[in-house]
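Inside the fold
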Amino acid sequence: MVYEPQLSEVQKHIDHYWILNASDLLALNSTQMFAYPGVTPDMIIVLEGHYSISYRGERLKSNRSLLFSFIYEKVHIDFSALKSCIVVKFKSRALSSLKPFIRVGADTIMKNSVAFTEDIFGFGMQRLNDYLKTCDPELLVSELDNWFEQRYRKEDEGFIVEMSQEVSKDCDLSTIMHATGYSYSTLERYFKKETGLTPKAFQTLQRFKKVLRELSTTKNQDWQHYVLQYGYYDQSHFIKEMKRFTGHSPSALVQIPNFIELRPNYS
């Protein structure tokens, strides 16, 4: 089941909690997940069982909870031995969605961008993890909300969060520049400090994930449609960018059964 946070401070930074038990996991079309670079941090809180992950040439099997702050290249995760878990989906603002809850800078996070949750949040995360394993399922959302609220610091929200709420939900660079009158170099300082990315890299990844979402849903292989819809220079530029982030050409990508990460069913 998918639940939205109920506390306003948490709602600003977390999109939803996806709570999965054994029957939910069995009902999924596949327990194999591929994830690619993007601007949406994810946390997987393991309640029972374990997962296997392949990333940057290394393989790992663990029952420890993981935080994906940023993905540099394709990740493959096998959930087949996972019995229950909670996926915390943050807002699509890169590290700026995490910053109000953590006490380390963007540079540090980017160096350890796929990490065990206690390495980022401290031992309090392990206590939460242990508690959630025995918690009444009906209380899971409120307990998660309360935990994040206790860690929340408004002063760490910063410029990017303000712009996403007041100027452009998608942090569109041209819209922000027009509204603020700031130069690119000024915005670059804000983006690097708060997201770990330059504005150009942020927007490139944001565009890529929108394309990936549409491609996975429609399987539309009219590449010129994506060029026109998303502002690529030409078809060659589109194909090169897709291959850069996924390792596959678009035509090869659509042949992979589960080329996009598992997504919750809101129905």
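This write-up is about the structure you can find in this document. Because the structure is predicted, anything quoted here is derived from the model rather than measured.

Examining the overall build of the chain
When its secondary structure is counted, the chain shows 13 helices and 10 strands. Computed over C-alpha atoms, the radius of gyration of the chain comes to 19 Å, within 12% of the 18 Å expected from 2.2 N^0.38 for 267 residues, which places it in the range of a compact globule. Here the C-alpha coordinates of the chain stretch approximately 55 × 45 × 35 Å along the principal axes. Here the chain holds 267 residues, and 51% of them are scored as buried.

Concerning the sheet that holds strand β8 (residues 75-78)
Two pairing modes exist for strands in a sheet, parallel and antiparallel, and in both the strands are linked by backbone hydrogen bonds. Read from one edge to the other, the open sheet built from 4 strands follows the order β3-β8-β5-β6, with strand pairing classed as antiparallel. For this open sheet the edge positions go to β3 (32-35) and β6 (58-62), each flanked by a neighbour on one side alone. Strand after strand, the sheet turns through a mean of 15 degrees between neighbouring axes, direction not considered. Taken together, the 4 bridges between strand β5 (residues 51-55) and β8 define a ladder with antiparallel strand orientation. Its bridge partner being in β8, I53 is matched across the sheet by I77.

Digging into the pairing of β8
With 4 bridges joining them, β3 and β8 adopt antiparallel strand pairing. Opposite Q32, over in β8, you have D78 as the bridge partner.

Describing the pairing of strand β9 (residues 82-90)
The buried fraction of β9 is high, at 8 of 9 residues. One ladder, built from 6 bridges, connects strand β2 (residues 14-20) with β9; its direction is antiparallel. Across the sheet, residue L20 finds its bridge partner in β9, namely C85. Here 7 bridges tie strand β4 (residues 42-49) to β9, and the two strands are oriented antiparallel to one another. Considered in β9, the bridge of I45 is made with I86.

Structural notes on the packing of aromatic side chains
This model, assessed by the stated rule, comprises 16 aromatic pairs. With centroids separated by 5.1 Å and ring planes inclined at 85 degrees, the aromatic side chains of W147 and F148 adopt a geometry described as edge-to-face. A relative accessible area of 1% means that F148 is categorised as buried. Judged by centre distance (6.2 Å) and plane angle (20 degrees), the ring pair of Y182 and Y190 falls under stacked. Take Y190: its relative accessible area is 29%, and that puts it in the partly exposed class. Put simply, the rings of F90, F101, F121, W147, F148 and Y152 touch in pairs and so form one group of aromatic residues. The ring of Y232 carries the charged tip of R207 above its face, separated from the ring centre by 3.9 Å.

Comments concerning the nonpolar core
One finds I86 and F148 to be the most contacted residues of the largest nonpolar core, which totals 62 residues. Other than its neighbours up to four places away in sequence, F148 contacts V10, I14, Y17, M43, V88, F90 and F101.

Section: the state of the cysteines
Under the criterion given, the structure shown has 0 disulfides. With no disulfide partner, C85 has as its closest neighbouring cysteine sulfur the one in C135, 15 Å distant. Taking the relative accessible area as the measure of exposure, C85 reaches 1% and is therefore buried.

Side note on the pattern of salt bridges
A side chain with one charge can pair with a side chain of the opposite charge if their charged atoms come near. Per the counting criterion, the structure on display carries 9 salt bridges. In this structure, R153 engages D156 in a salt bridge whose closest nitrogen and oxygen atoms are separated by 2.9 Å. Using a relative accessible area of 32% as the deciding quantity, one classes R153 as partly exposed. Among the salt bridges present, the one from K210 reaches D170, with a minimum N-O distance of 3.3 Å. Residue K210 is found in helix α10 (residues 199-218), and its partner D170 is found in the loop between α7 (158-166) and α8 (173-180); the two are separated by 40 residues along the sequence. What makes K210 partly exposed here is its relative accessible area of 32%. Taking the relative accessible area as the measure of exposure, D170 reaches 36% and is therefore partly exposed.

Basis of the calculations
Residues numbered from 1 in each chain as written. Predicted model: local features only at pLDDT ≥ 70, side-chain atom pairs only at ≥ 80, totals over all residues. Heavy atoms only, no water. Helix = DSSP H or I, 4+ residues; strand = E, 2+ residues; numbered from the N terminus. Rg over C-alpha atoms; globule rule 2.2 N^0.38 Å. Buried < 20%, exposed > 50% of the residue type's maximum accessible area, 1.4 Å probe, protein only. Pairing = 2+ DSSP bridges. Axes fitted to C-alpha atoms, helices over the stretch in contact; angles between N-to-C directions. Phe/Tyr/Trp six-rings, centres within 6.5 Å; stacked < 30°, edge-to-face > 60°. Lys NZ or Arg CZ within 6 Å of the ring centre and 35° of its normal. Core = buried A, V, L, I, M, F, W, Y, C linked by side-chain atoms within 4.5 Å. Contact = heavy atoms within 4.5 Å. Disulfide = S-S within 2.5 Å. Salt bridge = Lys/Arg side-chain N within 4 Å of Asp/Glu carboxyl O.

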